[in-house]
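# Survey of secondary and tertiary structure
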Amino acid sequence: MLTRNRSIGRLLLLLLSIWLCACQPGPERLAADAERAAELGWDRLVERFAIPSLEAIEKGGWVALRDSQNDVCQVCGPNMYVESQAYDLNWFMDGHLNHFHRPQDEAVARRIVQVLLKTQHPQSGNWPWSDDGCLHEYLAVALHRMGQPEAALKAVDWAAEWGLKERLTPEGHLMETEGIHVVKSFGLKDHPPLPFDGGYPHVTGFFQHLTAVDEYPMLLEMLAITGTRNRHPEFTRRLELGWKHYLDHPKMDRRNSVDFIQSVGIAIYLLAIAEGRLEADPQMTPQAQKLLLHLAEHQVSKLIPETLITATLLVGVAGTELIRQHPDLADELALHVLNAQDIGGEWPMNKFLFLTPATDTLIHDFRVTYPAGEVECLSTYYSAFGLRLYADNRLR
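Scope of this entry: the structure provided in the associated data block. Just so it is clear, the structure is predicted and the values come from calculations on it, not from any experiment.

### Here we look at the overall build of the protein chain
The helix and strand inventory of the protein chain stands at 15 helices and two strands. Within the protein chain, the proportion of its 396 residues that are buried is 54%. Within the protein chain, contacts between residues separated by at least 24 positions form 76% of all contacts whose residues are at least 6 apart in sequence. For the protein chain, the exposed area adds up to about 17,700 Å²; of that, 56% sits on carbon and sulfur atoms.

### Looking at the nonpolar core
Generally speaking, soluble globular proteins have nonpolar side chains that are buried together. Of all hydrophobic cores here, the largest spans 115 residues; its most connected members are Phe92, Trp129, Tyr382, Leu387 and Tyr390. Per element, the largest residue contribution to this core is 12 residues, and it comes from helix 2 (residues 27–58). Those residues in contact with Tyr390, other than ones at most four positions away along the chain, are Pro27, Leu30, Ala31, Ala34, Leu314, Ala318, Ile323, Ala330, Asp331 and Ala334. Counting six residues, the second-largest nonpolar core is a separate cluster that includes Val63, Leu65, Met80 and Val183.

### Considering the side chain of Asp214
Among the secondary structure elements, Asp214 is positioned in the loop between helix 6 (149–167) and helix 7 (215–226). Notably, Asp214 is buried but unbridged: the nearest opposite-charge side chain belongs to Arg167, and the N-O separation is 6.5 Å. The contact partners of Asp214, leaving out residues within four places of it in the chain, are Cys134, Ile261, Val264, Gly265 and Ile268.

### Quick look at the packing of aromatic side chains
Inspection of the entire model under this criterion finds 17 aromatic pairs. Judged by centre distance (6.4 Å) and plane angle (25 degrees), the ring pair of Tyr87 and Trp91 falls under stacked. Note that Tyr87 and Trp91 are positioned in helix 3 (residues 83–97) at a spacing of four residues, about one turn of the helix. Pair check on accessibility: Tyr87 and Trp91 agree, each one buried.

### Topic: the packing of helix 2 against helix 3
Packing of helix 2 against helix 3 leaves a shortest axis separation of 8 Å and a crossing angle of 130 degrees. Put simply, helix 2 runs oblique to helix 3. Every pair of crossing elements has a handedness; the one defined by helix 2 and helix 3 is left-handed. Contacts from Trp42, Leu45, Val46, Phe49, Ala50, Ser53, Leu54, Ala56 and Ile57 of helix 2 reach helix 3 at Ser84, Gln85, Asp88, Leu89, Trp91, Phe92, Gly95 and His96. The residue inventory of the contact of helix 2 with helix 3, partitioned by class, reads 11 nonpolar, five polar and one charged.

### Examining the pattern of salt bridges
The tally for this structure, following the rule as stated, stands at 19 salt bridges. Of the charged contacts, one joins Arg102 and Asp43 as a salt bridge, the two residues approaching to 2.5 Å between their closest N and O atoms. You can see Arg102 sitting in the loop between helix 3 and helix 4 (106–119) and its partner Asp43 sitting in helix 2, a full 59 residues away along the chain. We classify Asp43 as partly exposed; its relative accessible area is 25%. The closest approach of N and O atoms between Asp105 and Arg102, which form a salt bridge, is 2.8 Å. Both residues of the pair, Asp105 and Arg102, belong to the buried class. Counted as one network, the salt bridges with shared partners bring together Arg44, Glu47, Arg48 and Glu346.

### With respect to unusual backbone geometry
With an omega of -5 degrees, the peptide bond running from Gly77 to Pro78 counts as cis. As for its position among the elements, Pro78 is in the loop between strand 2 (73–76) and helix 3. The phi angle at Asn256 is positive, at roughly 55 degrees, despite the residue not being glycine. What makes Asn256 partly exposed here is its relative accessible area of 22%.

### Side note on the environment of His99
Turning to its location among the elements, His99 is positioned in the loop between helix 3 and helix 4. With 286 residues separating them in the primary sequence, His99 and Phe385 have C-alpha atoms 7.5 Å apart. Among all residues touching His99, those that are not within four sequence positions of it are Glu275, Phe385, Arg388 and Leu389.

### Regarding the environment of Phe385
Summarising the element assignment, Phe385 is placed in helix 15 (residues 376–393). When its relative accessible area of 5% is taken as the criterion, Phe385 is described as buried. In contact with Phe385, other than residues within four places in its own chain, are His99, Phe100, Leu271 and Val315.

### Quick notes on helix 9 (residues 260–274)
Here helix 9 spans 21 Å end to end across 15 residues, near enough to the 21 Å set by a 1.5 Å rise per residue. Among the 15 residues of helix 9, 14 are classified as buried, and the element is accordingly described as predominantly covered. The N-capping residue of helix 9, defined by a side-chain oxygen 3.2 Å from the backbone nitrogen of Ile261, is Asp259. Remark: Gly276 follows helix 9 within two positions and exhibits a positive phi of approximately 85 degrees.

### Quick look at the environment of Ala274
By secondary structure assignment, the location of Ala274 is in helix 9. The exposure class of Ala274 is partly exposed, given its relative accessible area of 46%. In the structure, Ala274 is positioned 42 residues away from Gly316 in sequence and 9.6 Å away in space, judged by C-alpha atoms.

Cut-offs used in this document
- The numbers attached to residues start from 1 for each chain and follow its sequence in the written order.
- The predicted origin of the model limits local features to residues at a pLDDT of at least 70 and limits the giving and counting of side-chain atom pairs to 80 or more, whereas totals for whole chains, interfaces and linings rest on all residues.
- In computing side-chain properties, one takes all heavy atoms of the structure into account and sets aside hydrogens as well as water.
- Strands here are runs of E lasting at least two residues and helices are runs of H or I lasting at least four, both read from the DSSP assignment and numbered beginning at the N terminus.
- Three labels apply to residues, based on accessible area from a 1.4 Å probe with only protein chains included: buried if under 20% of the type maximum, exposed if over 50%, partly exposed otherwise in between.
- Two residues qualify as a contact provided that any one of their heavy atoms is within 4.5 Å of a heavy atom in the partner residue.
- Here the open area of atoms and residues is found with the Shrake-Rupley method and a 1.4 Å probe, where only the protein chains shown may cover a residue.
- In plain words, nonpolar cores are sets of buried Ala, Val, Leu, Ile, Met, Phe, Trp, Tyr and Cys residues tied together by side-chain atoms within 4.5 Å.
- His residues and chain termini do not enter the charge count, which takes Lys and Arg as positive and Asp and Glu as negative.
- Any carboxyl oxygen of Asp or Glu within 4 Å of a side-chain nitrogen of Lys or Arg constitutes a salt bridge here.
- Only rings of Phe, Tyr and Trp enter the pairing, Trp through its six-membered ring, and a pair is recorded when the two centres are within 6.5 Å. The plane angle decides the type: under 30 degrees is stacked, over 60 is edge-to-face, the rest tilted.
- For every element, the axis is a line fit to its C-alpha atoms; helices are fit only across the contacting stretch, and the angle between N-to-C directions ranges from 0 to 180 degrees.
- Oblique is the label for any angle not under 35 degrees, not over 145, and not in the 65 to 115 range, which are roughly parallel, roughly antiparallel and roughly perpendicular in turn.
- A crossing counts as left-handed when the near helix is turned anticlockwise from the far one by less than a right angle, and as right-handed when that turn is clockwise.
- Only Asp, Glu, Lys and Arg are considered charged in this grouping, and only Ala, Val, Leu, Ile, Met, Phe, Trp, Tyr, Cys and Pro are considered nonpolar; every other residue, Gly among them, is considered polar.
- By definition here, a helix of n residues has an expected span of 1.5 Å times n minus one.
- N or O atoms closer than or at 3.5 Å make up a polar contact, with two conditions inside protein: a donor-capable atom paired with an acceptor-capable one, and, for residues adjacent in sequence, both atoms drawn from side chains.

Honestly, it's all geometry; don't read function into it.
Right, here's the structure in full:
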């Protein structure tokens, strides 16, 4: 009976797949739809995420937290930042300096630069959110490209020195980190953020076993753009060693899936090569392409593809030569991302598919679990980004 039910299920999936393929619009229509969706998504990212977060940080870092048991609200600050605020600035600057540049956004970018200069530690060069994921390297690049080389160099030096001090082992293992100076968006920690002193945070035992796969290409790109590879040769060597090790031993689950941290790392590595920010490697580049295609082919075959993963895979396919080699795959990825956009122009994100469950269980509210922010800017940014690349490159 069980075998029969499975056979019926497979048949239904096959019929559904045939129906979807028959109804799928052609590449011209998909490209036009992708362009409109990307523009709408970028509008929402600027208006609902970047500007409100910028204003919150400009006011000095004040956060209103409500106790969900007794409904008492407490305002915490100054210098109390939510990590999602920094991510909102981060993705805005990345989009503004690359594929979403609009003259009307330039004033926002200049205000963000002033906020970064004001909140950067004057000696060490880091920010209160520098130890939280991939924020630090992208913001260092933003300062460099916005005409602030001295501040950017301080940020690069801090990242390299922290890496050699503890975070990046001689064998190339880059440890995942969790911000200790900011309020978390995924439900708060069980204690308030620690005062920011500009030092090098200690990587706790749990995170020492997790690898920040996405930060290998981000850090390598930061060094390349700022011209500091020779300034930090050992840091560069370890990063390249660790990235090669990951590509030799990618960690996929039984469904041929990876989490966002891995998928975005692979995608932006290939994109950086395609756009000339990193040099192609005769061994690692083909490995990354093969892995990306493997993940993308399995992703589009799933009944309910995860939006953020699909979007990052679209970035890797649509932004590189793979879009000409595998146009049908690019079409399928783009269609999935298009269908996931909500009526307001954003892409909701399921937090349980963002990080591993083991990571998510560490996070608690220090006053009875109440979320202080959201990181949906992430899924909205990468979805709009992937669709923009698809619209730009599909019909070339």
